[in-house]
Amino acid sequence: RGGGGTSNVPCSFAKRRCASSKAMRSNRPSPASPSKGSRRLKPEIAGELAERLQAPVYLNAMGRGSLPQDHPLFFSRTRRGALANADAIFIIGTPLDFRLAYGKRFNAEAKLVQLDIDPTELGRNRDVDVLIEGDAGAVLDQLLAELGDGRSEHAQWLKMLRDEETKTWAERQEFLNSDAVPIH
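Residues numbered from 1 in each chain as written. Predicted model: local features only at pLDDT ≥ 70, side-chain atom pairs only at ≥ 80, totals over all residues. Heavy atoms only, no water.

K.L.:
Now, about the overall build of the chain: what can you tell me, with residues and values included?
P.N.:
The helix and strand inventory of the chain stands at five helices and six strands. Going from N to C terminus, the chain has its helices and strands arranged as α-β-α-β-β-α-β-β-β-α-α. Across the 184 residues in the chain, those meeting the buried criterion constitute 49%. Sequence-distant contacts in the chain: of pairs separated by 6 or more residues, those separated by 24 or more amount to 65%. A total accessible area of about 9,700 Å² is found for the chain, and carbon and sulfur atoms account for 52% of it. (Helix = DSSP H or I, 4+ residues; strand = E, 2+ residues; numbered from the N terminus. Buried < 20%, exposed > 50% of the residue type's maximum accessible area, 1.4 Å probe, protein only. Contact = heavy atoms within 4.5 Å. Areas by Shrake-Rupley, 256 points an atom, 1.4 Å probe, with all protein chains shown as cover.)

K.L.:
Tell me about the packing of helix H2 (residues 43–53) against helix H4 (residues 136–147), residues and numbers included.
P.N.:
Two numbers describe how H2 lies on H4: the axes approach to 10 Å, and their chain directions differ by 35°. Between H2 and H4 the crossing geometry is left-handed. On H4, the residues that touch Ile45, Glu48, Leu49, Arg52 and Leu53 of H2 are Gly137, Leu140, Asp141, Leu143, Leu144 and Leu147. Its residues assigned to classes, the contact of H2 with H4 comprises seven nonpolar, one polar and three charged. (Axes fitted to C-alpha atoms, helices over the stretch in contact; angles between N-to-C directions. Left-handed = near helix turned anticlockwise from the far one by under 90°. Nonpolar A, V, L, I, M, F, W, Y, C, P; charged D, E, K, R; others polar.)

K.L.:
Please give an account of the nonpolar core that cites residues and values.
P.N.:
Counting 24 residues, the largest nonpolar core has Ile89, Ile91, Leu96, Leu100, Phe106, Leu112 and Leu161 as the members making the most contacts within it. Residue assignment for this core shows that the elements contributing at least two residues are strand S2 (57–58), strand S3 (74–75), helix H3 (79–85), strand S4 (88–92) and helix H5 (155–176). When residues in this core are grouped by element, the largest group, three residues, is from H5. Apart from residues no more than four positions distant in its own chain, Leu96 is found in contact with Ile91, Tyr102, Phe106, Leu112, Gln114, Arg124, Asn125 and Arg126. Grouped together as the second largest cluster of nonpolar side chains are 16 residues, Ile92, Val113, Ile132 and Ala136 included. (Core = buried A, V, L, I, M, F, W, Y, C linked by side-chain atoms within 4.5 Å.)

K.L.:
Report on the pairing of S4, specifying residues and quantitative values.
P.N.:
Among the five residues in S4, five count as buried, and that is most of the element. Here S4 shows no split at all, with Ala88, Phe90 and Ile92 on one side and Ile89 and Ile91 on the other all buried. Summarising the sheet, S4 and strand S5 (residues 111–116) pair through five bridges and their orientation is parallel. Across the sheet, residue Ile91 finds its bridge partner in S5, namely Gln114. (Pairing = 2+ DSSP bridges.)

K.L.:
Residues and numbers for the packing of aromatic side chains, please.
P.N.:
Throughout the structure, instances matching the rule amount to one aromatic pair. Ring centres 6.0 Å apart and planes at 40° place the aromatic pair Tyr58 and Phe75 in the tilted group. Separated by 17 residues along the polypeptide, Tyr58 in strand S2 and Phe75 in strand S3 bring together distant segments of the chain. The exposure class of Phe75 is buried, given its relative accessible area of 2%. One Lys or Arg, Arg162, reaches over the ring of Phe75 and ends 3.9 Å from the middle of that ring. (Phe/Tyr/Trp six-rings, centres within 6.5 Å; stacked < 30°, edge-to-face > 60°. Lys NZ or Arg CZ within 6 Å of the ring centre and 35° of its normal.)

Next comes the structure, spelled out in structure tokens:
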């Protein structure tokens, strides 16, 4: 159940350091949705993490509001492709259940970091490289401190995702603005 050869123990300095270094070294990072266990997760923390990592953020229903929709690193229409191509994925308080296809659509070579307040969710349904048990707000505060002032650069990855988001949005406008009856 723990997967990836990593023990299921509370968050420690070593695990935070491992998680942060893997995320910082990646070429195509993709944090996924902050969700349950993130009651203390303020939008400014999620935004600061995304900005430091220069990583796209995808929110599920329980994570709405963790990052404003007008934030430049907020994405919503390219999650499947991003997770299939990312080389590092940070899952925050989100179960690897049917909504994420149990992690089966993730890039098999990606380093997966999972943070959850519920230890029974860690490593469930898929092997995970780094398991972190703890409150999302507290752990991300610690992770940001560990990252320091460094900032990753992933402009090409983000541009590719943003272009795909824009293309998908444009394709959907015909249907969204349709007067056809029925609308589909």
